[in-house]
Amino acid sequence: MKKLVLALALSMQSTWSYAGGAETALIERWYNALGTINRAEFADILSDKAKITLGDLDIIQTKEEFIASLDEWQDAMKGATIRHAIDADADGLVTVSVCYKFPDNEALAREVFAFEGGKILASEQETIAESCETFPG
């Protein structure tokens, strides 16, 4: 399933359509919460059935596991910035390019979101480059 979602996301990238208002707002809230380590915001925007897939680490987390893992992310975010740009929106999935700039390195990721009932149902994250040189935003 993980590879299917990623393959679909990659094929959708060329469509350059944009997410609807509610989905865009959830994505904005996601990245704001990620940058500020806002656990309450994640508790609000994630479905109780949410699955967060960290492809590089081969980890799938529940909502609760993801929120609990933010303690580690808080250390990694010291001095870091996050920029994102929506690439595609099709068939209920929104694909986002994300540039993570840390003090000692950076990474470009492709992240795919699925939604249900006004919440984020799934997020799949995969690093696609070890620099943000090709970041579209």
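Residues numbered from 1 in each chain as written. Predicted model: local features only at pLDDT ≥ 70, side-chain atom pairs only at ≥ 80, totals over all residues. Heavy atoms only, no water.

Some words on the overall build of the chain
Summing up its helical and strand segments, the chain has five helices and six strands in all. In the chain, the succession of α and β elements from N to C terminus is α-α-α-β-β-α-α-β-β-β-β. For the chain, buried positions account for 43% of its 137 residues. Long-range pairs, those at least 24 residues apart, make up 53% of the contacts in the chain between residues at least 6 apart in sequence. Accessible surface computed for the chain: about 7200 Å², of which carbon and sulfur atoms make up 54%. (Helix = DSSP H or I, 4+ residues; strand = E, 2+ residues; numbered from the N terminus. Buried < 20%, exposed > 50% of the residue type's maximum accessible area, 1.4 Å probe, protein only. Contact = heavy atoms within 4.5 Å. Areas by Shrake-Rupley, 256 points an atom, 1.4 Å probe, with all protein chains shown as cover.)

Looking at the environment of R39
Considering the arrangement of structural elements, one finds R39 in helix 3 (residues 39-45). Judged by relative accessible area, R39 falls into the partly exposed class, the value being 29%. Linking R39 and L70, residues 31 residues apart in sequence, is a C-alpha distance of 7.6 Å. In this structure, R39 is in contact with I67, L70, D71 and Q74, ignoring residues within four places of it in sequence.

Some points on the state of the cysteines
Per the stated rule, a full pass over the model turns up one disulfide. For C99, the disulfide goes to C132, at an S-S distance of 2.1 Å. Its torsion about the S-S bond being 105°, the disulfide of C99 and C132 is classed as right-handed. On the criterion of sequence distance, the pair formed by C99 in strand 4 (residues 93-101) and C132 in the segment after strand 6 (119-129) is long-range, its members being 33 residues apart. Neither residue differs from the other here; C99 and C132 are each classed as buried. (Disulfide = S-S within 2.5 Å.)

Quick look at the confidence of the model for the chain
Averaged over the chain, the pLDDT score is 86; the fraction of residues at 70 or greater is 85%. Confidence scores differ between elements of the chain, with helix 1 (residues 2-12) showing the lowest mean pLDDT of 36 and helix 3 the highest of 98. Low pLDDT, under 50, characterises residues 1-18; the stretch is placed with 28 contacts to residues that sit more than four places away or in other chains. (pLDDT = per-residue confidence, 0-100.)

Let's talk about the environment of F102
Of note, F102 is situated in the loop between strand 4 and strand 5 (106-116). F102 sits 25 residues away from M77 along the chain, and the two C-alpha atoms are 7.1 Å apart. In contact with F102, not counting residues within four places along its chain, are W73, A76, M77 and A80.

Quick notes on the packing of aromatic side chains
Counted by the stated rule, this structure contains nine aromatic pairs. Between W30 and F113, the aromatic rings sit 5.3 Å apart at their centres with planes inclined by 80°, giving edge-to-face as the arrangement. Placement of the pair is W30 in helix 2 (residues 21-36) and F113 in strand 5, with a sequence separation of 83 residues. Across the pair, exposure class does not vary: W30 and F113 are buried alike. Measuring from ring centre to ring centre gives 5.9 Å for W73 and Y100, while their planes differ by 90°; the resulting arrangement is edge-to-face. Residue W73 is located in helix 5 (residues 70-76), and its partner Y100 is located in strand 4; the two are separated by 27 residues in the primary sequence. Across the pair, exposure class does not vary: W73 and Y100 are buried alike. (Phe/Tyr/Trp six-rings, centres within 6.5 Å; stacked < 30°, edge-to-face > 60°.)

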